[in-house]
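Geometric and topological summary
Okay, here's what each chain looks like letter by letter:
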2 protein chains.
Amino acid sequence: MSSKAEQIMDEAENLARSHGYNAFSFRDLAAKVGIKSASVHYHFPTKADLGAALAKRYTERFISTLNHCIEPTDTTFEIVQRYGEAYYQALVQDGRMCLCGLFAAEVDSLPEPVAAEVQRFFEANINWLKDILRRDPHVRSEEALEADATFILTLFQGAMLVGRTMNQPEAIHTVMEKLRGTDIYTSRVN
Amino acid sequence: MSSKAEQIMDEAENLARSHGYNAFSFRDLAAKVGIKSASVHYHFPTKADLGAALAKRYTERFISTLNHCIEPTDTTFEIVQRYGEAYYQALVQDGRMCLCGLFAAEVDSLPEPVAAEVQRFFEANINWLKDILRRDPHVRSEEALEADATFILTLFQGAMLVGRTMNQPEAIHTVMEKLRGTDIYTSRVN
DNA sequence: CACAGGCTACCTAGTGGTAGGTTGATTTTG
DNA sequence: CAAAATCAACCTACCACTAGGTAGCCTGTG
């Protein structure tokens, strides 16, 4: 992957994370990069190609970041804390949303390959969370794992959406704190 | 408000709730209603006017629906259950999102009056939830009320987003069930 | 030379929005 | 009461602009 293509993706991600898929254009993007829109097409033949590449790279980086900031000795609580903090950082650095959270809202008007990548993002998140919860001393059934992972994911995605709209990124910390009073960290076999 | 304007708003809401603000056009809308796009402008001078009207009506109807389905004898748990059920119904009836949840994702590229209405939707929801929680035998500080209300709102908004993307509307029921194992219903003074 | 990586110039299809005209019902007035 | 004026609600036809995308040319470098 040439550095120009990465540069294009970087700017595209910035635009997409504040305006969504439908509301950024090849012209805007090209202007940011300092080239012409036709040249963007050289690297990404169609907008769907670019969108799918963005979502895929985002997912990989997101999961990789998560894996790099945990220690084997961390408690489930600490890890989920860091998971939430990842969302907070993403939001607070110039008010940008989670790329795939934003794309998810547009899923009905997304080209199919892009929508598929967004689904994969959520799946990857749920699987990652399930793995974390599986290490927990509290044994859970497969259904409970799924439910707990879904709970955590949806909570932060929602907090991000609401927090950004209300200009209150600290909403993420608010719900993170409330998550403490949950049986996520103390759930029994069920 | 003439019935034609309402008819336009009905169709616009349908389109907006599946495609978002940026991805529905006056022409699509006019075609659905069976008139020309110029005639839509007669009722709503600009798209921003229409968008704001949609969000406002949606908020009023949403809150009104909530108020109409609770009884004075209901427990907090039952009410929150119904609150979640309102989201589930909205999602499951032809897979449409909460209008304002969708608009929230696009907030950066929304005309200011529309964005303001979306904020008002979230505020109205939080205030409604706070009122419900205030009636609860468990006394809470103002901060705790705000936190609990935010928690519930963000949870369902997130569940809606993720649930629709994954074609799993029952995700809303999953998190509703998990909400049970939360101190929302048992929280003490803090 | 070949070719990667850009460019100019263009296309079609669509966008929100405007100007001005037509219709038919309602209201005002001689 | 009938003619005249007004009005809501739509229309056709168009505007300027932007979208994603394409064709073909240029230029520097291995």
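For the structure itself, look to the data block above.
Now for a description of the structure that goes with this document. (Residues numbered from 1 in each chain as written. Chains lettered and ligands numbered in written order. Predicted model: local features only at pLDDT ≥ 70, side-chain atom pairs only at ≥ 80, totals over all residues. Heavy atoms only, no water.)

Of the regular secondary structure elements, chain A holds nine helices and zero strands. Each helix (α) and strand (β) of chain A, taken in turn from the N terminus, gives the series α-α-α-α-α-α-α-α-α. Taken over the C-alpha trace, chain A has a radius of gyration of 18 Å; the compact-globule value for 190 residues is 16 Å, and the two agree within 12%. Its C-alpha atoms give chain A principal-axis dimensions of about 60 × 30 × 30 Å. For chain A, the proportion of its 190 residues judged to be buried stands at 55%. A total accessible area of about 8000 Å² is found for chain A, and carbon and sulfur atoms account for 51% of it. (Helix = DSSP H or I, 4+ residues; strand = E, 2+ residues; numbered from the N terminus. Rg over C-alpha atoms; globule rule 2.2 N^0.38 Å. Buried < 20%, exposed > 50% of the residue type's maximum accessible area, 1.4 Å probe, protein only. Areas by Shrake-Rupley, 256 points an atom, 1.4 Å probe, with all protein chains shown as cover.)

Looking now at the packing of aromatic side chains. This model, assessed by the stated rule, comprises 25 aromatic pairs over all chains. Ring centres 5.7 Å apart and planes at 15° place the aromatic pair B:Tyr87 and B:Phe156 in the stacked group. Placement of B:Tyr87 in helix α5 (residues 76–92) and of B:Phe156 in helix α8 (residues 142–165) is noted, with a sequence separation of 69 residues between them. Residue B:Phe156 is classed as buried on the basis of its relative accessible area, which comes to 0%. Its end group placed over the ring of A:Tyr21, A:Lys47 keeps NZ or CZ at 4.6 Å from the ring centre. (Phe/Tyr/Trp six-rings, centres within 6.5 Å; stacked < 30°, edge-to-face > 60°. Lys NZ or Arg CZ within 6 Å of the ring centre and 35° of its normal.)

Another aspect to go through is the protein's contact with DNA strand D. The immediate surroundings of DNA strand D are formed by 16 residues, with A:Ser25, A:Lys47, B:Lys36, B:Ser39 and B:Tyr42 found nearest. Here DNA strand D approaches the protein such that, of its atoms within 4 Å, sugar and phosphate make up 61%. One of the side-chain nitrogen or oxygen atoms of A:Arg27 is found 3.0 Å away from a base oxygen of DNA strand D. The separation between a phosphate oxygen of DNA strand D and a polar main-chain atom of B:Lys36 is 2.7 Å. Looking at the surface near DNA strand D, the elements that each hand over two or more residues are α2 (26–33) and α3 (37–43) of chain A together with α3 (37–43) of chain B. With four residues, α3(B) is the largest single contributor of residues to the surface near DNA strand D. Looking at the surface near DNA strand D residue by residue, the classes come out as six nonpolar, six polar and four charged. (Near = heavy atom within 4 Å. Polar contact = N/O pair within 3.5 Å; in protein donor to acceptor, adjacent residues only side chain to side chain. Nonpolar A, V, L, I, M, F, W, Y, C, P; charged D, E, K, R; others polar.)

On to the relation of the copies chain A and chain B. Look at the two chain copies: a rotation about an axis and a shift along it is all it takes to match them. Superposition record for chain A on chain B: RMSD 0.1 Å, screw rotation 180°, translation along axis 0.0 Å. A rotation of that kind, with that shift, is consistent with a two-fold axis. Across chain A, the smallest distance between a C-alpha and the rotation axis is recorded for A:Gly158, namely 1.8 Å. When the interface residues of chain A are mapped onto chain B, 100% of them are again interface residues, pointing to one common binding face. (Least-squares fit on C-alpha atoms with pLDDT ≥ 70 in both. Contact = heavy atoms within 4.5 Å.)

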